[in-house]
Amino acid sequence: MVDLSIVVPCFNESEVIDSFHRAVLDALRPTRLSFEVCYVDDGSGDGTVERLRALARTDPRVRYTSFSRNFGKEAALLAGMRMAGGGAVVLMDADLQHPPELVPRMVELHRQGFDQVIARRDRSGEGAVRKAFSRAYYRLVRRFMEVEVADGAGDFRLLSRRAVDALLCLPESNRFSKGLFSWIGFDTVSFPYENVERAAGSSKWGGRRLLNYGIDGLLSFNSRPLRLAIHTGLWLFVSALLYALWIVGNALVSGVDTPGYATLITAIVGLAGVQLATLGVIGEYVGRIYHEVKGRPHYVVRETERGDAAPAGAVAAGGRAAQHAGRPS
Ligand code: UDP
Ligand code: MG
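Residues numbered from 1 in each chain as written. Chains lettered and ligands numbered in written order. Predicted model: local features only at pLDDT ≥ 70, side-chain atom pairs only at ≥ 80, totals over all residues. Heavy atoms only, no water.

## Describing the packing of helix α1 (residues 14–28) against helix α2 (residues 48–58)
Relative orientation of the contacting elements α1 and α2 amounts to 25°, with a least axis distance of 8 Å. The angle between α1 and α2 falls in the class roughly parallel. Crossing geometry of α1 relative to α2 is assigned as right-handed. Across from S14, I17, D18 and H21 in α1, the residues of α2 making contact are T48, R51, L52 and L55. Considering only residue class, the contact of α1 with α2 consists of 3 nonpolar, 3 polar and 2 charged. (Axes fitted to C-alpha atoms, helices over the stretch in contact; angles between N-to-C directions. Helix = DSSP H or I, 4+ residues; strand = E, 2+ residues; numbered from the N terminus. Parallel < 35°, antiparallel > 145°, perpendicular 65-115°, else oblique. Left-handed = near helix turned anticlockwise from the far one by under 90°. Contact = heavy atoms within 4.5 Å. Nonpolar A, V, L, I, M, F, W, Y, C, P; charged D, E, K, R; others polar.)

## What to know about the coordination of the magnesium ion (ligand 2)
Around the magnesium ion (ligand 2), the protein contributes the donor atoms D95 (OD) and Q97 (OE1), at 1.8 to 1.9 Å from the metal centre. With relative accessibility at 3%, the residue D95 sits in the buried group. (Donors = N, O, S within 2.8 Å, 3.2 Å for Na, K, Ca; no water. Buried < 20%, exposed > 50% of the residue type's maximum accessible area, 1.4 Å probe, protein only.)

## What to know about helix α3 (residues 73–83)
In terms of residue burial, α3 counts as a mostly covered element, since 9 of its 11 residues are buried. Taken residue by residue, α3 has E74, A75, A76, L77, L78, A79, G80, M81 and M83 as its buried positions.

## Digging into the sheet that holds strand β5 (residues 116–121)
Taken in spatial order, the 9 strands of this open sheet run β7-β5-β6-β4-β1-β2-β3-β8-β9, and their pairing is mixed. In this open sheet, the two edge strands, each paired with only one partner strand, are β7 (188–193) and β9 (307–308). Each of β1 (4–10), β4 (88–91), β5, β6 (157–160) and β7 touches helix α4 (residues 103–111); the most contacted strand, β6, lies at about 35° to it. Against the sheet, helix α6 (residues 161–168) contacts β4 and β6, and its axis sits at roughly 90° relative to β6. (Pairing = 2+ DSSP bridges.)

## Here's the deal with the pairing of strand β2 (residues 35–41)
Counted residue by residue, β2 has 7 buried out of 7 residues, so it is predominantly covered. What you see with β2 is no split at all: F35, V37, Y39 and D41 on one side and E36, C38 and V40 on the other are buried throughout. Two strands pair when backbone bridges link them, and β2 and strand β3 (residues 62–67) are joined in this way by 5 bridges, in the parallel orientation. Paired with C38 across the strands is R63, a residue of β3. Of the crossover connections in this fold, the one passing from β2 over α2 to the parallel β3 is right-handed. (Right-handed = clockwise from strand over helix to strand, strands pointing away.)

## Section: the side chain of R63
Turning to its location among the elements, R63 is positioned in strand β3. Note on R63: relative accessible area 16%, which makes it buried.

## Focus: the nonpolar core
L4, Y39 and M106 are the most contacted members of the largest nonpolar core, which has 35 residues in total. Residues within four places of M106 in sequence aside, it is in contact with V90, V117, A119, F156, R157, L158 and F191. Of all hydrophobic cores here, the second largest spans 27 residues; its members include C38, V40, A75 and L167. (Core = buried A, V, L, I, M, F, W, Y, C linked by side-chain atoms within 4.5 Å.)

Right, here's the structure in full:
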(Lines give C-alpha, C1' and ligand atoms only; values in the text may rest on other atoms or scores of the structure.)
(Ligands and ions follow the chains in the order given, each with its own letter.)
Protein backbone atom coordinates (compact mmCIF):
# COMPACT_ATOMS: atom_id res chain seq x y z
CA MET A 1 0.00 0.00 0.00
CA VAL A 2 1.34 3.44 -0.87
CA ASP A 3 1.55 6.08 1.88
CA LEU A 4 -0.43 8.71 0.06
CA SER A 5 -2.97 8.95 -2.76
CA ILE A 6 -3.64 12.29 -4.37
CA VAL A 7 -7.10 12.55 -5.91
CA VAL A 8 -7.54 15.16 -8.61
CA PRO A 9 -10.86 15.83 -10.38
CA CYS A 10 -10.24 17.38 -13.80
CA PHE A 11 -12.78 18.99 -16.07
CA ASN A 12 -11.24 20.64 -19.13
CA GLU A 13 -7.88 21.13 -17.46
CA SER A 14 -5.56 20.04 -20.28
CA GLU A 15 -3.68 23.36 -20.08
CA VAL A 16 -2.66 22.89 -16.48
CA ILE A 17 -2.39 19.13 -15.96
CA ASP A 18 1.30 18.92 -16.83
CA SER A 19 2.38 21.81 -14.65
CA PHE A 20 0.15 20.51 -11.89
CA HIS A 21 1.76 17.11 -12.05
CA ARG A 22 5.24 18.60 -11.98
CA ALA A 23 4.32 20.76 -8.98
CA VAL A 24 3.03 17.70 -7.12
CA LEU A 25 6.21 15.74 -7.81
CA ASP A 26 8.34 18.69 -6.69
CA ALA A 27 6.37 19.09 -3.50
CA LEU A 28 6.49 15.41 -2.57
CA ARG A 29 10.06 14.60 -3.53
CA PRO A 30 11.63 15.85 -0.25
CA THR A 31 9.15 13.87 1.87
CA ARG A 32 10.27 10.45 0.56
CA LEU A 33 6.69 9.21 0.80
CA SER A 34 5.48 6.56 -1.59
CA PHE A 35 2.48 7.96 -3.41
CA GLU A 36 0.13 7.69 -6.37
CA VAL A 37 -1.79 10.38 -8.20
CA CYS A 38 -5.35 9.44 -9.13
CA TYR A 39 -6.73 11.73 -11.82
CA VAL A 40 -10.40 11.67 -12.68
CA ASP A 41 -11.32 13.10 -16.05
CA ASP A 42 -14.88 14.33 -15.63
CA GLY A 43 -15.90 14.04 -19.28
CA SER A 44 -13.64 16.84 -20.52
CA GLY A 45 -13.86 17.83 -24.16
CA ASP A 46 -10.46 19.45 -24.49
CA GLY A 47 -8.09 16.51 -24.61
CA THR A 48 -7.54 16.21 -20.87
CA VAL A 49 -7.74 12.43 -21.18
CA GLU A 50 -4.96 12.37 -23.81
CA ARG A 51 -2.74 14.27 -21.41
CA LEU A 52 -3.57 11.79 -18.67
CA ARG A 53 -2.84 8.85 -20.95
CA ALA A 54 0.54 10.34 -21.78
CA LEU A 55 1.31 10.95 -18.10
CA ALA A 56 0.32 7.41 -17.15
CA ARG A 57 2.61 6.01 -19.84
CA THR A 58 5.64 7.86 -18.51
CA ASP A 59 4.95 7.72 -14.78
CA PRO A 60 3.78 4.48 -13.13
CA ARG A 61 2.49 6.46 -10.15
CA VAL A 62 -0.19 8.05 -12.33
CA ARG A 63 -3.59 6.40 -12.43
CA TYR A 64 -6.70 7.78 -14.02
CA THR A 65 -10.37 7.18 -14.61
CA SER A 66 -12.21 8.88 -17.42
CA PHE A 67 -15.98 9.39 -17.31
CA SER A 68 -18.26 8.95 -20.29
CA ARG A 69 -19.59 12.50 -19.80
CA ASN A 70 -19.47 15.33 -17.27
CA PHE A 71 -20.89 14.02 -13.99
CA GLY A 72 -19.79 16.88 -11.75
CA LYS A 73 -17.01 17.35 -9.25
CA GLU A 74 -18.70 15.38 -6.47
CA ALA A 75 -18.91 12.28 -8.66
CA ALA A 76 -15.30 12.78 -9.72
CA LEU A 77 -14.18 13.00 -6.09
CA LEU A 78 -16.07 9.82 -5.30
CA ALA A 79 -14.46 7.97 -8.20
CA GLY A 80 -11.06 9.21 -7.11
CA MET A 81 -11.58 8.04 -3.54
CA ARG A 82 -12.72 4.64 -4.76
CA MET A 83 -9.57 4.41 -6.87
CA ALA A 84 -7.22 5.56 -4.14
CA GLY A 85 -5.38 2.81 -2.31
CA GLY A 86 -3.15 4.93 -0.10
CA GLY A 87 -2.99 5.04 3.68
CA ALA A 88 -4.05 8.68 3.45
CA VAL A 89 -5.84 10.51 0.67
CA VAL A 90 -5.45 14.14 -0.33
CA LEU A 91 -8.18 15.73 -2.45
CA MET A 92 -7.07 18.64 -4.56
CA ASP A 93 -8.06 20.70 -7.62
CA ALA A 94 -6.06 20.48 -10.82
CA ASP A 95 -5.89 24.24 -11.39
CA LEU A 96 -3.12 24.82 -8.81
CA GLN A 97 -5.48 26.79 -6.59
CA HIS A 98 -4.66 24.20 -3.97
CA PRO A 99 -0.91 24.65 -3.53
CA PRO A 100 0.85 21.24 -3.55
CA GLU A 101 3.51 22.71 -1.23
CA LEU A 102 0.99 22.39 1.59
CA VAL A 103 0.69 18.61 1.24
CA PRO A 104 3.78 17.75 3.35
CA ARG A 105 2.37 19.89 6.17
CA MET A 106 -0.94 18.05 5.93
CA VAL A 107 0.86 14.72 6.10
CA GLU A 108 2.76 15.94 9.15
CA LEU A 109 -0.49 16.82 10.93
CA HIS A 110 -1.96 13.48 9.90
CA ARG A 111 1.02 11.75 11.54
CA GLN A 112 0.14 13.58 14.75
CA GLY A 113 -3.10 11.65 14.74
CA PHE A 114 -5.63 13.78 12.86
CA ASP A 115 -8.00 11.98 10.51
CA GLN A 116 -8.98 15.05 8.55
CA VAL A 117 -6.56 17.86 7.82
CA ILE A 118 -8.21 20.81 6.11
CA ALA A 119 -6.34 23.57 4.34
CA ARG A 120 -8.69 26.51 4.66
CA ARG A 121 -8.36 29.28 2.10
CA ASP A 122 -8.93 32.91 2.94
CA ARG A 123 -10.90 35.00 0.49
CA SER A 124 -8.19 37.37 -0.75
CA GLY A 125 -8.42 38.24 -4.45
CA GLU A 126 -12.13 37.48 -4.70
CA GLY A 127 -14.72 39.97 -5.89
CA ALA A 128 -16.49 41.92 -3.14
CA VAL A 129 -19.93 40.70 -4.21
CA ARG A 130 -18.93 37.05 -4.26
CA LYS A 131 -17.22 37.49 -0.89
CA ALA A 132 -20.34 39.01 0.65
CA PHE A 133 -22.57 36.28 -0.78
CA SER A 134 -20.32 33.51 0.48
CA ARG A 135 -20.21 35.04 3.95
CA ALA A 136 -23.99 35.36 4.09
CA TYR A 137 -24.42 31.83 2.81
CA TYR A 138 -22.17 30.32 5.43
CA ARG A 139 -23.93 32.26 8.15
CA LEU A 140 -27.25 30.86 6.91
CA VAL A 141 -25.87 27.36 6.64
CA ARG A 142 -24.48 27.45 10.16
CA ARG A 143 -27.91 28.39 11.47
CA PHE A 144 -29.87 25.84 9.55
CA MET A 145 -27.70 22.86 8.96
CA GLU A 146 -27.25 19.96 11.30
CA VAL A 147 -23.59 19.64 10.39
CA GLU A 148 -20.78 22.15 10.84
CA VAL A 149 -19.49 23.73 7.64
CA ALA A 150 -16.71 26.29 7.90
CA ASP A 151 -16.15 29.18 5.49
CA GLY A 152 -13.23 28.54 3.15
CA ALA A 153 -12.94 24.90 4.15
CA GLY A 154 -13.44 23.36 0.75
CA ASP A 155 -12.40 20.09 -0.75
CA PHE A 156 -8.67 20.62 -0.25
CA ARG A 157 -8.04 18.20 2.58
CA LEU A 158 -6.27 15.09 3.70
CA LEU A 159 -8.37 12.15 4.84
CA SER A 160 -7.10 9.12 6.68
CA ARG A 161 -7.89 5.66 5.37
CA ARG A 162 -10.69 5.16 7.88
CA ALA A 163 -12.21 8.54 7.05
CA VAL A 164 -12.21 7.63 3.36
CA ASP A 165 -13.76 4.26 4.12
CA ALA A 166 -16.46 6.01 6.14
CA LEU A 167 -17.18 8.38 3.24
CA LEU A 168 -17.39 5.53 0.77
CA CYS A 169 -20.03 3.90 2.96
CA LEU A 170 -22.42 6.80 2.38
CA PRO A 171 -24.47 5.71 -0.61
CA GLU A 172 -26.52 8.85 -1.38
CA SER A 173 -26.50 10.11 -4.91
CA ASN A 174 -27.00 13.78 -4.02
CA ARG A 175 -23.51 14.21 -2.69
CA PHE A 176 -22.77 17.48 -0.95
CA SER A 177 -19.25 16.63 0.10
CA LYS A 178 -18.74 19.59 2.44
CA GLY A 179 -21.57 18.21 4.51
CA LEU A 180 -20.47 14.60 4.19
CA PHE A 181 -16.94 15.41 5.38
CA SER A 182 -18.32 16.97 8.50
CA TRP A 183 -20.94 14.26 8.98
CA ILE A 184 -18.37 11.47 9.30
CA GLY A 185 -16.67 13.25 12.18
CA PHE A 186 -13.22 12.11 13.42
CA ASP A 187 -10.48 14.39 14.73
CA THR A 188 -10.21 17.35 12.43
CA VAL A 189 -7.67 20.13 12.25
CA SER A 190 -7.40 23.03 9.82
CA PHE A 191 -4.87 25.66 8.90
CA PRO A 192 -5.30 28.71 6.66
CA TYR A 193 -3.54 29.52 3.42
CA GLU A 194 -3.71 32.47 1.10
CA ASN A 195 -6.13 32.13 -1.79
CA VAL A 196 -4.49 31.65 -5.21
CA GLU A 197 -5.89 32.52 -8.62
CA ARG A 198 -6.32 29.55 -10.94
CA ALA A 199 -3.25 28.91 -13.12
CA ALA A 200 -5.00 28.63 -16.51
CA GLY A 201 -8.37 27.88 -18.00
CA SER A 202 -11.52 29.23 -16.41
CA SER A 203 -13.62 28.47 -13.37
CA LYS A 204 -16.61 26.23 -13.96
CA TRP A 205 -18.64 27.88 -11.23
CA GLY A 206 -20.73 30.75 -12.53
CA GLY A 207 -23.17 32.59 -10.26
CA ARG A 208 -26.10 30.34 -11.14
CA ARG A 209 -24.20 27.14 -10.59
CA LEU A 210 -22.99 28.41 -7.23
CA LEU A 211 -26.54 29.33 -6.21
CA ASN A 212 -27.82 25.86 -7.11
CA TYR A 213 -24.90 24.31 -5.26
CA GLY A 214 -25.86 26.38 -2.24
CA ILE A 215 -29.50 25.24 -2.39
CA ASP A 216 -28.35 21.64 -2.78
CA GLY A 217 -26.20 22.00 0.29
CA LEU A 218 -29.01 23.38 2.41
CA LEU A 219 -31.53 20.78 1.29
CA SER A 220 -29.34 17.71 1.36
CA PHE A 221 -28.45 18.12 4.99
CA ASN A 222 -31.67 18.88 6.74
CA SER A 223 -35.41 18.88 6.66
CA ARG A 224 -35.80 22.25 8.35
CA PRO A 225 -37.24 23.99 5.27
CA LEU A 226 -40.21 21.62 5.61
CA ARG A 227 -40.54 22.56 9.27
CA LEU A 228 -40.44 26.22 8.25
CA ALA A 229 -43.34 25.59 5.85
CA ILE A 230 -45.39 24.08 8.67
CA HIS A 231 -44.66 27.03 10.96
CA THR A 232 -45.58 29.58 8.30
CA GLY A 233 -48.81 27.73 7.62
CA LEU A 234 -49.72 27.67 11.31
CA TRP A 235 -49.04 31.36 11.78
CA LEU A 236 -51.09 32.24 8.72
CA PHE A 237 -53.95 30.13 10.00
CA VAL A 238 -53.86 31.82 13.39
CA SER A 239 -53.80 35.30 11.87
CA ALA A 240 -56.67 34.42 9.52
CA LEU A 241 -58.66 33.18 12.52
CA LEU A 242 -58.01 36.40 14.43
CA TYR A 243 -58.99 38.44 11.40
CA ALA A 244 -62.23 36.46 11.02
CA LEU A 245 -63.05 37.03 14.69
CA TRP A 246 -62.38 40.72 14.25
CA ILE A 247 -64.74 40.90 11.24
CA VAL A 248 -67.49 39.08 13.10
CA GLY A 249 -67.01 41.26 16.16
CA ASN A 250 -67.05 44.37 14.03
CA ALA A 251 -70.26 43.28 12.29
CA LEU A 252 -71.92 42.64 15.64
CA VAL A 253 -70.93 46.01 17.06
CA SER A 254 -71.35 48.34 14.09
CA GLY A 255 -73.66 46.42 11.76
CA VAL A 256 -72.86 44.53 8.57
CA ASP A 257 -70.24 46.18 6.41
CA THR A 258 -69.30 45.10 2.84
CA PRO A 259 -65.87 43.52 3.23
CA GLY A 260 -63.25 45.09 1.01
CA TYR A 261 -62.33 43.65 -2.37
CA ALA A 262 -58.71 44.64 -1.72
CA THR A 263 -58.41 42.62 1.49
CA LEU A 264 -59.83 39.58 -0.26
CA ILE A 265 -57.43 39.77 -3.18
CA THR A 266 -54.47 40.37 -0.86
CA ALA A 267 -55.39 37.36 1.22
CA ILE A 268 -55.85 35.11 -1.83
CA VAL A 269 -52.65 36.17 -3.52
CA GLY A 270 -50.65 36.03 -0.29
CA LEU A 271 -51.90 32.58 0.59
CA ALA A 272 -51.42 31.27 -2.93
CA GLY A 273 -47.82 32.47 -2.80
CA VAL A 274 -47.16 30.70 0.46
CA GLN A 275 -48.80 27.53 -0.84
CA LEU A 276 -46.79 27.55 -4.03
CA ALA A 277 -43.53 28.10 -2.17
CA THR A 278 -44.36 25.30 0.24
CA LEU A 279 -45.24 22.98 -2.62
CA GLY A 280 -41.91 23.87 -4.17
CA VAL A 281 -40.08 22.93 -0.99
CA ILE A 282 -41.94 19.63 -0.76
CA GLY A 283 -41.31 19.05 -4.46
CA GLU A 284 -37.58 19.50 -3.92
CA TYR A 285 -37.57 16.74 -1.35
CA VAL A 286 -39.79 14.47 -3.43
CA GLY A 287 -37.45 15.04 -6.35
CA ARG A 288 -34.53 14.02 -4.19
CA ILE A 289 -36.34 10.90 -3.03
CA TYR A 290 -37.11 10.01 -6.64
CA HIS A 291 -33.50 10.53 -7.54
CA GLU A 292 -32.22 8.37 -4.69
CA VAL A 293 -34.77 5.64 -5.25
CA LYS A 294 -33.65 5.10 -8.82
CA GLY A 295 -30.33 4.03 -7.34
CA ARG A 296 -28.34 4.85 -10.43
CA PRO A 297 -24.56 4.70 -10.27
CA HIS A 298 -22.90 8.06 -9.63
CA TYR A 299 -20.98 7.97 -12.88
CA VAL A 300 -20.14 5.83 -15.88
CA VAL A 301 -16.51 5.03 -16.65
CA ARG A 302 -15.20 5.20 -20.19
CA GLU A 303 -11.64 4.13 -19.58
CA THR A 304 -8.96 3.79 -16.91
CA GLU A 305 -5.19 3.46 -16.99
CA ARG A 306 -5.73 -0.27 -17.27
CA GLY A 307 -7.60 0.11 -20.54
CA ASP A 308 -11.26 0.36 -21.45
CA ALA A 309 -13.73 0.03 -18.63
CA ALA A 310 -15.66 -3.09 -17.81
CA PRO A 311 -19.49 -2.87 -18.17
CA ALA A 312 -20.66 0.35 -16.56
CA GLY A 313 -22.48 -1.11 -13.57
CA ALA A 314 -19.60 -3.27 -12.43
CA VAL A 315 -17.10 -0.43 -12.34
CA ALA A 316 -19.07 2.59 -11.43
CA ALA A 317 -21.49 1.41 -8.80
CA GLY A 318 -20.16 0.24 -5.48
CA GLY A 319 -22.78 -2.46 -5.21
CA ARG A 320 -26.03 -0.63 -5.74
CA ALA A 321 -26.37 -1.24 -9.47
CA ALA A 322 -25.68 -4.87 -8.81
CA GLN A 323 -29.06 -5.06 -7.08
CA HIS A 324 -30.69 -4.74 -10.47
CA ALA A 325 -28.54 -7.39 -12.03
CA GLY A 326 -31.09 -10.16 -11.64
CA ARG A 327 -34.00 -8.18 -13.07
CA PRO A 328 -35.45 -9.63 -16.26
CA SER A 329 -35.03 -7.27 -19.18
N1 UDP B 1 -14.33 20.00 -11.77
C2 UDP B 1 -14.82 18.74 -12.12
N3 UDP B 1 -16.06 18.63 -12.67
C4 UDP B 1 -16.87 19.72 -12.87
C5 UDP B 1 -16.39 20.99 -12.48
C6 UDP B 1 -15.12 21.09 -11.93
O7 UDP B 1 -14.12 17.73 -11.95
O8 UDP B 1 -17.98 19.55 -13.38
C9 UDP B 1 -12.98 20.12 -11.19
C10 UDP B 1 -12.08 21.10 -11.91
O11 UDP B 1 -11.38 20.49 -12.95
C12 UDP B 1 -11.12 21.53 -10.81
C13 UDP B 1 -12.02 21.48 -9.57
O14 UDP B 1 -13.10 20.62 -9.89
O15 UDP B 1 -10.04 20.63 -10.65
C16 UDP B 1 -12.51 22.85 -9.15
O17 UDP B 1 -13.14 23.48 -10.23
P18 UDP B 1 -12.98 25.03 -10.53
O19 UDP B 1 -11.55 25.42 -10.45
O20 UDP B 1 -13.70 25.30 -11.81
O21 UDP B 1 -13.80 25.65 -9.31
P22 UDP B 1 -13.37 26.89 -8.39
O23 UDP B 1 -11.93 26.70 -8.02
O24 UDP B 1 -13.62 28.10 -9.20
O25 UDP B 1 -14.28 26.75 -7.20
MG1 MG C 1 -10.42 26.45 -9.17
